[in-house]
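Residue-level structure breakdown
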Amino acid sequence: MRRLSLGNASGIVPLARDFTRQALYDWGWLPAATADRRAAAEDVLLVVSELVTNACLHAEGPEELRVSLDAKVLRLEVEDRGPGQPAPRTPHRAGRPGGHGMFIVQRLCLDWGVVRTTDAPGKTVWAELAAPA
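Residues numbered from 1 in each chain as written. Predicted model: local features only at pLDDT ≥ 70, side-chain atom pairs only at ≥ 80, totals over all residues. Heavy atoms only, no water.

1. Looking at the overall build of the protein
On a plain count of helices and strands, the protein comes out with three helices and five strands. When the helices and strands of the protein are read in sequence order from the N terminus, they spell out β-α-α-β-β-α-β-β. Along the first, second and third principal axes, the C-alpha set of the protein runs to 40 × 35 × 25 Å. About 7,300 Å² of surface is accessible on the protein, with carbon and sulfur atoms providing 51% of the total. (Helix = DSSP H or I, 4+ residues; strand = E, 2+ residues; numbered from the N terminus. Areas by Shrake-Rupley, 256 points an atom, 1.4 Å probe, with all protein chains shown as cover.)

Below is the structure:
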């Protein structure tokens, strides 16, 4: 598992994307040899952007990004201090601004969810994506 502290960072979304991109290089997802592998890596970077942006906009900012990989699944976790419950906006209206982040996460990921912190305010929003074949 790779961890990136985001609590006092500036340029949080690009920082999170760069951190995740480096992990993808280290784990052999990048450079991508095929269009499918390139698309899988781009999906991971988009989901990271959406999770971190959502924490910035709705949850007092992200505290930590965690990225882990097993043989078949890449897991992203964004810890924040916010009390809210992320959810895709329904009904989803593609032509309207805002509200697309969790819809994108839901569409691209195998699964996603929220784990509440029991001893302090906040939560961890996680998402899992399939490793490329």
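And the narrative resumes.
2. So, the packing of helix 2 (residues 35-58) against helix 3 (residues 101-108)
The contact between helix 2 and helix 3 brings their axes to 9 Å, and the two run at 145 degrees. The crossing of helix 2 and helix 3 is left-handed. The segment helix 2 lies against helix 3, with Asp43, Leu46, Val47, Glu50, Leu51 and Asn54 engaging Gly101, Met102, Ile104, Val105 and Leu108. For the contact of helix 2 with helix 3, the class distribution of residues is seven nonpolar, two polar and two charged. (Axes fitted to C-alpha atoms, helices over the stretch in contact; angles between N-to-C directions. Left-handed = near helix turned anticlockwise from the far one by under 90°. Contact = heavy atoms within 4.5 Å. Nonpolar A, V, L, I, M, F, W, Y, C, P; charged D, E, K, R; others polar.)

3. Details of the side chain of Asp80
The topology assignment puts Asp80 in strand 3 (residues 73-80). Residue classification places Asp80 among the buried positions, given a relative accessible area of 4%. Within the structure, the side chain of Asp80 is placed 2.9 Å from the backbone nitrogen of Gly82, a separation counted as a polar contact. Here Lys123 takes part through its side chain, which lies 2.9 Å from a polar atom of the side chain of Asp80. Excluding residues within four positions of it along the chain, Asp80 makes contact with Ala55, Ala59, Gly61, Pro62, Glu63, Pro121, Gly122, Lys123 and Val125. (Buried < 20%, exposed > 50% of the residue type's maximum accessible area, 1.4 Å probe, protein only. Polar contact = N/O pair within 3.5 Å; in protein donor to acceptor, adjacent residues only side chain to side chain.)

4. Some thoughts on helix 1 (residues 12-26)
Compared with the 21 Å implied by 1.5 Å per residue over 15 residues, the 21 Å span of helix 1 between its first and last C-alpha is a close match. For helix 1, the complete set of buried residues consists of Ile12, Ala16, Thr20, Ala23 and Leu24. Down the axis of helix 1, the smallest arc covering the buried residues is 110 degrees, so these residues share one side. The inward-facing, buried residues of helix 1 contact strand 1 (2-5), helix 2, strand 2 (62-69) and strand 3. Among the residues trailing helix 1, Gly28 stands out with phi positive, at a value near 85 degrees. (Expected span 1.5 Å × (residues − 1). Arc of directions from axis to C-beta.)

5. Quick look at the nonpolar core
If you look at the biggest cluster of nonpolar residues, it comprises 29 residues, and the most contacted ones within it are Leu24, Val47, Leu51, Leu65, Leu76 and Val105. Put simply, the parts of the chain that give this core at least two residues each are helix 1, helix 2, strand 2, strand 3, helix 3 and strand 5 (123-130). Every residue in contact with Leu65, bar those within four places of it in the chain, is listed here: Arg2, Arg3, Leu4, Leu6, Ala16, Phe19, Thr20, Val48, Glu77 and Val78. (Core = buried A, V, L, I, M, F, W, Y, C linked by side-chain atoms within 4.5 Å.)

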